[in-house]
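Reading the structure
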Amino acid sequence: MAPPKTVRWGILATGGIAQTFTKDLLVDPKTRGVENIKHTVVAAASSSSRPRAEQFLKDVGAPSDAKAYGSYEDLVKDSDIDIIYVATPHSHHYQNAMLCLENGKNVLCEKAFTVNAAQAQALADKAKEQNLFLMEAVWTRYFPLSIYVRDLITSGRIGPVARVLSDNSMALNPEESFSDGKHRMVNPDLAGGALLDLGIYSLTWVFQTLYLTQPEDSRKPPKVLAAMKGYAATGAADEMTTIVLSFPRSAEAGGDAHAVATTSLRVATTPGGNGDAPGIRIQGPKGEIQVFPPAFRPTHTKLILSDGTVEEKHFAQPGPGKGSGWKNGFGGGSNAEGEGHGMFWEADEAATAFVDGRKEGKYESLAESILIMGVMDEARRQGGLKYPEHIETTKYPVQL
Ligand SMILES: NC(=O)c1ccc[n+]([C@@H]2O[C@H](COP(=O)([O-])OP(=O)(O)OC[C@H]3O[C@@H](n4cnc5c(N)ncnc54)[C@H](OP(=O)(O)O)[C@@H]3O)[C@@H](O)[C@H]2O)c1
């Protein structure tokens, strides 16, 4: 077997998810059976200061020769970088990803990809023009659990999917958790609200079960009906959004299919982090597939068929293992010792695509990312939610 190719990453921003991602990235891919590539971190940049980037590199255990930059503009000029991971708030993704692409860098960009579909389209156009790799970092799509669920669907175990109910909600008590209104969850200047931050996962489950599983030439955009409740404390942000989608399908493929995608900052899919009720139900005439919360990092599924068959599965999050002393997690939470967070699978896909010369992710094309951004645009249009012009614009560069 050929030796693994090493892919050199640059990390743009040093916040919560940048830490989690980079720690996962540095776990030996062999621990999850990946032999074709290896990852290394060659640089990180903070927009606030160089010492912050230095501290970040120390905290995540990056190689000692990794470079720390005090601006994103310096990072994108580093010729040692193969791919840049963009981990700023979604309000900034368009400007930051465009900066990378303009400077000839491949990009893995956090969700939500951009603020709107026009920005997503402009990034895709720029990547094509520059012949660069670009992918939205919807990590859940690359989980073995998601691949298993999609395989269950295409193998016909539940028959043609007729309906999907999909929720990603967290009782965050926004007035208390985000009392100054500045947090990206509620701040209009950071494209705050439930839809772009959490609802993207509800839509991810809808699209990867009702759209991606269709033969490519028969996938059609859904009709969209949305209700949105604003978050009173900061005005232009949603605290709850509900989207009804109708996917056109031929009679032979099962006819039209429906989905309900829901998200809320105030109620939880299952209260207290208790994952005992399925947040996602994928229903067909022969049974249903249940996926248990959280929608973004699920580890538990149940297949229930009308003939009484029940197949339950628990998926591991591999990592360096017990006794390694290594821990990862997000937002103050900690996984068990040696257990990965699960962000390495998307990184493996981005690195493999880079090595193979592919320009898009395998399980979510840029066209699908743009389509989903368009669904969120339509939900916001129906709900009357518009963000400030400087973060909705496709103009570049704009100082944010
Ligand atoms: N995949 C997942 O599971 C997951 C989980 C959480 C978040 N996310 C996504 O990741 C992105 C970042 O979320 P996060 O939780 O990491 O946020 P965060 O902790 O607030 O970090 C964001 C970082 O972006 C940089 N930044 C640049 N301009 C900023 C500004 N005006 N305001 C705030 N930060 C700014 C800062 O880093 P520097 O000062 O170093 O430049 C900051 O540390 C969001 O798009 C979010 O949706 C994904």
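The protein has the name D-xylose 1-dehydrogenase (NADP(+), D-xylono-1,5-lactone-forming) in an unreviewed UniProt entry, where Clohesyomyces aquaticus is given as its organism. Under Catalytic activity (unreviewed entry), UniProt gives the following word-for-word description of the protein: "D-xylose + NADP(+) = D-xylono-1,5-lactone + NADPH + H(+)".

**Focus on unusual backbone geometry**
As a rule of thumb, non-glycine residues mostly have phi less than zero, and peptide bonds are mostly trans rather than cis. With an omega of -25°, the peptide bond running from Lys 111 to Ala 112 counts as cis. Note on placement: Ala 112 falls in the loop between strand E5 (106-110) and helix H5 (117-130). Within the chain, Asn 131 stands out as a residue other than glycine whose phi angle is a positive 55°. Looking at the element boundaries, Asn 131 is found in the loop between H5 and strand E6 (134-137).

**Examining the pattern of salt bridges**
Applying the stated criterion to the full structure yields 21 salt bridges. Note that Lys 126 is salt-bridged to Glu 102, the shortest N-O span being 3.4 Å. Here Lys 126, found in helix H5, pairs with Glu 102, found in helix H4 (residues 90-102); they are 24 residues apart in sequence, far enough to count as distant. For Lys 126, a relative accessible area of 14% corresponds to the buried category. Residues Glu 239 and Arg 266 are paired through a salt bridge, measuring 2.8 Å at the closest nitrogen-oxygen approach. With Glu 239 in strand E9 (residues 235-247) and Arg 266 in the loop between strand E10 (257-264) and strand E11 (280-284), this pair connects stretches of sequence that are 27 residues apart. A relative accessible area of 33% places Arg 266 in the partly exposed class. One network of salt bridges, in which partners are shared, links Glu 175, Lys 229, Glu 239 and Arg 266.

**What to know about the domain arrangement of the protein**
Frequently, the measure chosen for interface size is the accessible area that the parts lose on association. By the assigned domains, the protein splits into domain 1 (5-139) and domain 2 (144-314). Its C-alpha centre places domain 1 at a distance of 27 Å from the equivalent point of domain 2. Each partner contributes to the interface: domain 1 provides 11 residues, whereas domain 2 provides 11 residues. When domain 1 packs against domain 2, close to 940 Å² is buried across both sides, 68% of that on carbon and sulfur atoms. Per-residue buried area on domain 1 facing domain 2 is highest for His 90, Lys 111 and Trp 139; these three make up 54% of the total on that side. Viewed at the interface, domain 2 and domain 1 are joined by 1 salt bridge. Take the side of domain 1 that touches domain 2: its biggest share by element is 3 residues, from H4. Grouping the amino acids of the side of domain 1 that touches domain 2 by side-chain chemistry returns 5 nonpolar, 4 polar and 2 charged.

Criteria and thresholds
Residues numbered from 1 in each chain as written. Predicted model: local features only at pLDDT ≥ 70, side-chain atom pairs only at ≥ 80, totals over all residues. Heavy atoms only, no water. UniProt positions renumbered as here; feature names shortened; annotations may be inferred. Helix = DSSP H or I, 4+ residues; strand = E, 2+ residues; numbered from the N terminus. Salt bridge = Lys/Arg side-chain N within 4 Å of Asp/Glu carboxyl O. Buried < 20%, exposed > 50% of the residue type's maximum accessible area, 1.4 Å probe, protein only. Domains from an automatic or database assignment. Contact = heavy atoms within 4.5 Å. Buried area = accessible area lost by both parts, 1.4 Å probe. Nonpolar A, V, L, I, M, F, W, Y, C, P; charged D, E, K, R; others polar.

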